[in-house]
Amino acid sequence: MSSDKALHKMTYRELGELFPIIIVEPDENWKNYFNNEKESIFELFEESEIKSIEHIGSTAIPDIKAKPTIDILMEVSDKIETKKIIEKLKSIGYQYIQRLDNPPPHMMFVKGYSLQGFNGQTYHIHVRYKGDWDELYFRDYLRENRQFANEYEELKLEL
């Protein structure tokens, strides 16, 4: 693979080789990683621009094995300009993953990835308008129902 090829121009196969999916034991630091990142993100924007920042994904479910990526849902005001979101998140090390099939405000940002592979803690920010995302319901359901959280963990391990 060419080392001068930008990450956003790589195929899914190339990305999979560079960033293999791994599942690890639960880490008590995941919550702290999220809280620190949340604080850094809030500092970038006006209070009226960000409606909420939530920890989602498997690392938000206590005591289950997960991919060690901190997934963040950032719900924004419909008044914020997408250009500002991109500029501000890039300023703290995020890369914008443009998806033409899923235009803004459905935006994806990643951090902790380099052309050499993983580079420290990885984060994904999913930007949405307030209330335009059902991942919170899924997260809360798994938090409240241990049996289903365990089944979800088993499914991830099988896949």
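Refer to the structure printed above.
No experiment lies behind these values; they were computed from the predicted model shown.

Student: Before we go on, may I ask you to explain the sheet that holds strand β3 (residues 95-97) in this structure?
Tutor: In any sheet, the strands associate via hydrogen bonds between backbone groups, in a parallel or an antiparallel arrangement. Within the open sheet, the 5 strands sit side by side as β1-β2-β5-β4-β3. Their pairing is mixed. The open sheet has two edge strands with one neighbour each: β1 (50-56) and β3. For this sheet, the mean inter-axis angle between neighbouring strands, taken without regard to orientation, is 25 degrees. Here strand β2 (residues 69-76) runs beside strand β5 (residues 117-129); their pairing, made up of 8 bridges, is parallel.

Student: What should I look at first to understand the pattern of salt bridges in this one?
Tutor: Opposite charge on two side chains lets them pair, provided their charged atoms get close. Inspection of every chain in the model, using the stated rule, returns 8 salt bridges. One salt bridge connects D140 with R139, and the closest N-O pair in it is separated by 2.8 Å. Taking the relative accessible area as the measure of exposure, R139 reaches 7% and is therefore buried. It is possible to trace a salt-bridge network through shared partners that takes in E54, R139 and D140.

Student: Can you walk me through the pairing of strand β4 (residues 107-114) in this structure?
Tutor: Taken residue by residue, a regular strand's side chains alternate between the two faces of the sheet. Across the 8 residues that make up β4, a large majority, 7, are buried. As defined by bridge partners, β3 adjoins β4 across 3 bridges and the pair is classed as antiparallel. Paired with Q95 across the bridge in β4 is V110. Judged from the 7 bridges that link them, β4 and β5 form a sheet pairing that is antiparallel. Its bridge partner being in β5, Y113 is matched across the sheet by F118. Where β4 folds back onto β5 in an antiparallel hairpin, the turn is made up of 2 residues.

Student: I would appreciate a short explanation of helix α3 (residues 82-90) in the present structure.
Tutor: For an α-helix, 3.6 residues make a turn, and residues three or four places apart therefore share a direction. Every buried residue of α3 is listed here: I85, I86 and L89. Angular distribution of buried residues about the axis of α3 spans 95 degrees; they occupy a single face of the element. On its buried side, α3 packs onto α2 (30-42), β2, β3, β4 and β5.

Student: Just checking my understanding: could you explain the packing of aromatic side chains for this structure?
Tutor: The relation between two aromatic rings is expressed through the spacing of the ring centres and the mutual angle of the planes. A complete count under the given rule lists 6 aromatic pairs for this structure. Note on Y113 and F118: the rings are 5.8 Å apart at their centroids and 50 degrees apart in plane angle, and the pair reads as tilted. F118 sits in the partly exposed class, given a relative accessible area of 40%. Taken together, the ring pairs connect F19, Y113 and F118 into an aromatic cluster.

Student: Any chance you could explain the packing of helix α4 (residues 135-144) against helix α5 (residues 146-158) here in plain terms?
Tutor: Packing of α4 against α5 brings their axes to within 5 Å, and their N-to-C directions diverge by 110 degrees. The orientation of α4 relative to α5 falls into the category roughly perpendicular. Of α5, the residues touching α4 (which contributes F138, Y141, L142 and E144) are R146, F148, A149 and Y152. Of the residues contributing to the contact of α4 with α5, the split by class is 6 nonpolar, no polar and 2 charged.

Parameters and conventions
Each chain carries its own residue numbering, running from 1 in the written order of its sequence. Per-residue local features are limited, in this predicted model, to residues with pLDDT of at least 70; the limit for side-chain atom pairs, both in listing and counting, is 80 or more; totals at the level of whole chains, interfaces and linings are taken over all residues. To get the side-chain values, all heavy atoms of the structure are used, and hydrogens and water are removed first. Two strands qualify as a pair provided DSSP detects at least 2 bridges between them. The helix count covers DSSP runs of H or I at least four residues long, the strand count covers runs of E at least two residues long, and both are numbered beginning at the N terminus. Only the stretch in contact is used when a helix axis is fitted, and all axes are lines through C-alpha atoms; the angle between N-to-C directions ranges over 0 to 180 degrees. Any carboxyl oxygen of Asp or Glu within 4 Å of a side-chain nitrogen of Lys or Arg constitutes a salt bridge here. Relative accessibility under 20% of the residue-type maximum defines a buried residue, over 50% an exposed one, and the middle range a partly exposed one, all with a 1.4 Å probe and only protein chains included. Taken from the helix axis, the directions to the C-beta atoms give the arc we talk about. We call two residues in contact when some of their heavy atoms are within 4.5 Å. Geometry of aromatic contacts follows a simple scheme: Phe, Tyr and Trp rings, the Trp one being its six-membered ring, pair when their centres are within 6.5 Å, and the pair is stacked under 30 degrees between planes, edge-to-face over 60, tilted otherwise. What sets the label is the angle itself: under 35 degrees gives roughly parallel, over 145 gives roughly antiparallel, 65 to 115 gives roughly perpendicular, and the rest give oblique. Throughout this entry, Asp, Glu, Lys and Arg are counted as charged residues, while Ala, Val, Leu, Ile, Met, Phe, Trp, Tyr, Cys and Pro are counted as nonpolar. The remaining residues, Gly among them, count as polar.

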